[in-house]
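What follows is each chain in one-letter form.
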There are 2 protein chains.
Amino acid sequence: MAKIVIVEDDVFLREELQNIVEKEGYSVESISSFDTPVEDIMAAEPSLILLDLNLPNLSGFQICRALKARGIGPILVLTSRNQLRDELHALELGADDYLTKPCHPKRLIARIQKLQHLYANMHVLLDAGDFQLDERTNMLYAGRNSISLSENEGMIMKLLVTRAPAVVSKEELFNQLWGSSEYVDENILQVNMTRLRKTLGEVGLSNRIKTVRGVGYQLVDGESG
Amino acid sequence: MAKIVIVEDDVFLREELQNIVEKEGYSVESISSFDTPVEDIMAAEPSLILLDLNLPNLSGFQICRALKARGIGPILVLTSRNQLRDELHALELGADDYLTKPCHPKRLIARIQKLQHLYANMHVLLDAGDFQLDERTNMLYAGRNSISLSENEGMIMKLLVTRAPAVVSKEELFNQLWGSSEYVDENILQVNMTRLRKTLGEVGLSNRIKTVRGVGYQLVDGESG
DNA sequence: ATTAACTCTTACAGTTGGTGTAAGGATTGA
DNA sequence: TCAATCCTTACACCAACTGTAAGAGTTAAT
């Protein structure tokens, strides 16, 4: 049966949720340490994440965004914060549903099943907010535009998207693209970056790759131009 | 922009909804006659349906079920019925989200955008039983094998799969592939069939394309060999 | 069995897109 | 100002896709 990961710092709520969900036949794994929640969630390979918003260290919002950029989901946010702007923010960052505590168990289960069903029929796209990347086919979807990236372009984009907003080192790019960081000619990476930037420009995604001098490259937001 | 169909019998509410949605840039079509709502909705080819539950004649539940059986969606139920069992029932019948009136416009818009985003990323896989074909990317999934078909191969497979178990005429294949049935050299089709058969063999799908002499080609089951 | 219609296979060449190399120009920051 | 770093453009090679050509193989009716 599918595995649900519960991300909730309140022990009592966590166990209550676990009971509800296990009664329905799902296996459950709870995150109890909140030092590296994103890594812990990914390691569990969940088929659904039940996510609280008020957490120690990293907020639920940040976790939400990080998971979606890594193609992890679906995410059901379950929180006591009933402010509309929290809901809007969570949905905007990629949450797939938003429920407020207290929540009737049957409603929770129904929403969980809905999302499971939906995701069974879905592309698993890496979500970067205003565009999405299919890492299997290297298709990039930006609004109503879509374009097929080449292998190199796709691999670079995958690294940029999954690491965002962090900087991806040149060394890692070389490792992933050419199997070694002991490269002879650094220029080939620059050429491929130029080509990728040009391709992105063709679908309206200009100035999205920032160069970090001496280090590597970084995916940045498109709003501020 | 995407077209939203509003199914709501209260004129006042309908116009209010229409304002909210149009302000967001969507085009709107409202169902005002409720004699044949399902047919009317389908005729509008909506990219999303905003559905009330309390309607004359056919109930929202029935409409929901009928649309989902026809592959139409997404459906966002917006109703004043705040009973949990109504929500569970609607979700069970295929509704993709369930909101209760009164609903803040921003919440409604956020949920609409969420569903649009979800549905835009759905796999549309043609299912042939023991293998699937993605007609957008020409990816063919056979068990744990997957392979990328060329344009010609993909088009031929699409025709064979969607028409199966019927025979696809050579004329139709020529029309779809080369834009005309007044072909000069019939051989090119045969060459492409040979190539496709070879490609299918590489993922364990041998002897699946049967030649119907003088007519065309046909996708057949693989079991009997 | 014969034969004409139909189908399959293989080889070849043109086109296209992806990739790496090379060379020189532009930018950055001390 | 100047050296390190980065960007851009042009060129050539390679692989994949496609259509053409030629000949071999198969089918079904006589």
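Since this is a predicted model, take the numbers as computed values, not measurements.

Here is what the cut-offs are and how they apply
- Residues numbered from 1 in each chain as written.
- Chains lettered and ligands numbered in written order.
- Predicted model: local features only at pLDDT ≥ 70, side-chain atom pairs only at ≥ 80, totals over all residues.
- Heavy atoms only, no water.
- Pairing = 2+ DSSP bridges.
- Helix = DSSP H or I, 4+ residues; strand = E, 2+ residues; numbered from the N terminus.
- Axes fitted to C-alpha atoms, helices over the stretch in contact; angles between N-to-C directions.
- Contact = heavy atoms within 4.5 Å.
- Near = heavy atom within 4 Å.
- Polar contact = N/O pair within 3.5 Å; in protein donor to acceptor, adjacent residues only side chain to side chain.
- Salt bridge = Lys/Arg side-chain N within 4 Å of Asp/Glu carboxyl O.
- Buried < 20%, exposed > 50% of the residue type's maximum accessible area, 1.4 Å probe, protein only.
- 1 Å grid on protein atoms, 1.4 Å probe; cavity = no way out; pocket = protein on both sides within 12 Å on 5 of 7 lines; lining within 4 Å.
- Points joined across faces, edges and corners; volume = space filled by probe spheres on them.
- Nonpolar A, V, L, I, M, F, W, Y, C, P; charged D, E, K, R; others polar.
- Core = buried A, V, L, I, M, F, W, Y, C linked by side-chain atoms within 4.5 Å.
- Disulfide = S-S within 2.5 Å.
- Domains from an automatic or database assignment.

**Looking at the sheet that holds strand 11 (residues 209-212) of chain B**
Pairing between sheet strands relies on hydrogen bonds along the backbone, with the strands arranged either parallel or antiparallel.
Residues and elements named next belong to chain B.
Step number 1: One open sheet holds the 3 strands; their spatial order is 10-12-11, and the pairing between them is antiparallel. Strands at the two margins of the open sheet, each flanked by one partner only, are strand 10 (167-169) and strand 11. Sheet twist, expressed as the mean angle between neighbouring strand axes with direction ignored, is 30 degrees.
Step number 2: Sheet topology places strand 10 next to strand 12 (residues 216-219); 3 bridges connect them, and they run antiparallel. Within strand 12, the residue paired with Val168 across the bridge is Tyr217.
Step number 3: Strands in contact with helix 6 (residues 151-163) are strand 10, strand 11 and strand 12; relative to strand 12, the strand with the most contacts, it is inclined by about 65 degrees.
Step number 4: Packed on one face of the sheet, helix 7 (residues 170-178) meets strand 10 and strand 12 and runs near 60 degrees to strand 10.

**Section: the protein's contact with DNA strand D**
Step number 1: Looking at DNA strand D, there are 22 residues lining it, with Gln190, Thr211 and Gly214 of chain A together with Trp178 and Arg195 of chain B nearest.
Step number 2: For DNA strand D, the backbone portion of the atoms within 4 Å of the protein, that is sugar and phosphate, comes to 49%.
Step number 3: Here a phosphate oxygen of DNA strand D and a backbone polar atom of Gly214 of chain A are 2.6 Å apart.
Step number 4: Separating a base oxygen of DNA strand D from a side-chain N or O atom of Arg195 of chain B is a distance of 2.5 Å.
Step number 5: Only helix 8 (187-202) of chain A together with helix 6 and helix 8 (187-202) of chain B provide two or more residues apiece to the surface near DNA strand D.
Step number 6: Considering every element that reaches the surface near DNA strand D, the biggest residue donor is helix 8 of chain A, with 6 residues.

**Side note on the pattern of salt bridges**
Step number 1: Inspection of the entire model under this criterion finds 23 salt bridges over all chains.
Step number 2: With a closest N to O distance of 2.7 Å, Lys101 of chain A and Glu8 of chain A form a salt bridge. Within this pair, whereas Lys101 of chain A is found in the loop between strand 5 (97-100) and helix 5 (105-120), its partner Glu8 of chain A is found in the loop between strand 1 (3-7) and helix 1 (11-23), the two being separated by 93 residues in sequence. Like Lys101 of chain A, the residue Glu8 of chain A is buried in the burial classification.
Step number 3: Ionic pairing is found between Lys101 of chain B and Asp52 of chain B, a salt bridge with its closest N-O pair at 3.6 Å. Residue Lys101 of chain B is found in the loop between strand 5 (97-100) and helix 5 (105-120), and its partner Asp52 of chain B is found in the loop between strand 3 (48-51) and helix 3 (60-69); the two are separated by 49 residues along the sequence.
Step number 4: On the accessibility criterion, Asp52 of chain B (5% relative accessible area) is buried.
Step number 5: If you follow the salt bridges from partner to partner, you end up with Glu87, Asp97, Arg107 and Arg111 of chain A together with Glu87, Asp97, Arg107 and Arg111 of chain B in one network.

**Digging into the environment of Ala166 of chain B**
Residue and element names in this part refer to chain B.
Step number 1: As for its placement among the helices and strands, Ala166 is situated in the loop between helix 6 and strand 10.
Step number 2: For the pair formed by Ala166 and Gln190, sequence separation is 24 residues and the distance between their alpha carbons is 19 Å.
Step number 3: With near-sequence residues (within four places) excluded, Ala166 lies in contact with Tyr217 and Gln218.

**Re the layout of surface pockets**
Step number 1: Approximately 460 Å³ is the volume found for the second largest pocket.
Step number 2: In terms of lining residues, the second largest pocket is bounded by 23 residues, among which Leu99, Thr100 and Arg107 of chain A together with Tyr98 and Thr100 of chain B are the most central.
Step number 3: Among the elements of the structure, strand 5 and helix 5 of chain A together with helix 4 (84-92), strand 5 and helix 5 of chain B are those that each provide at least two residues to the lining of the second largest pocket.
Step number 4: When the residues that make up the lining of the second largest pocket are grouped by side-chain class, the tally is 9 nonpolar, 5 polar and 9 charged.

**Comments concerning the nonpolar core**
Step number 1: Within the largest apolar cluster, 26 residues are counted, with the highest numbers of intra-cluster contacts made by Phe131, Leu140, Met157 and Leu160 of chain A.
Step number 2: Counting residues per element, the ones that place at least two in this core are strand 8 (139-142), helix 6 (151-163), helix 7 (170-178), helix 8 and strand 12 (216-219) of chain A.
Step number 3: Per-element tally for this core: the top contributor is helix 6 of chain A, with 5 residues.
Step number 4: Ignoring anything within four residues of it in the chain, the contact list for Leu160 of chain A reads Val168, Met193, Leu196, Ile209, Tyr217, Gln218 and Leu219 of chain A.
Step number 5: In terms of nonpolar packing, the next biggest core, distinct from the first, is built from 25 residues, Phe131, Val168, Met193 and Ile209 of chain B among them.

**Section: the state of the cysteines**
What is meant by a disulfide is a covalent connection between two cysteines, made through their sulfur atoms.
Step number 1: One pass over the structure, following the stated rule, counts 0 disulfides over all chains.
Step number 2: Considering cysteine sulfurs only, Cys103 of chain A is the nearest to Cys103 of chain B, which forms no disulfide, with 17 Å between them.

**Some thoughts on helix 4 (residues 84-92) of chain A**
Step number 1: Buried residues of helix 4 of chain A: Leu84, Asp86, Glu87, Leu88, Ala90 and Leu91 of chain A, and no others.
Step number 2: Contact partners of the buried residues in helix 4 of chain A: helix 3 (60-69), strand 4 (75-79) and strand 5 of chain A together with helix 5 of chain B.
Step number 3: Of the residues flanking the end of helix 4 of chain A, it is Gly94 of chain A, one or two places downstream, whose phi is positive at about 115 degrees.

**Some details on the domain arrangement of chain A**
Where the parts come together, the accessible area they lose is often given as the size of the interface.
Step number 1: Segmenting chain A into domains produces domain 1 (3-120) and domain 2 (152-219).
Step number 2: Here the C-alpha centre of domain 2 of chain A lies 32 Å away from the C-alpha centre of domain 1 of chain A.

**Some points on the protein's contact with DNA strand C**
Step number 1: Around DNA strand C sit 22 residues in total, of which Trp178 and Arg195 of chain A together with Gln190, Thr211 and Gly214 of chain B are the nearest.
Step number 2: Within 4 Å of the protein, the atoms of DNA strand C are drawn from sugar and phosphate moieties in a proportion of 48%.
Step number 3: Tyr217 of chain B has a polar side-chain atom sitting 2.8 Å from a phosphate oxygen of DNA strand C.
Step number 4: With 6 residues, the single largest contributor to the surface near DNA strand C is helix 8 of chain B.
Step number 5: Of the residues in the surface near DNA strand C, the class split is 5 nonpolar, 9 polar and 8 charged.

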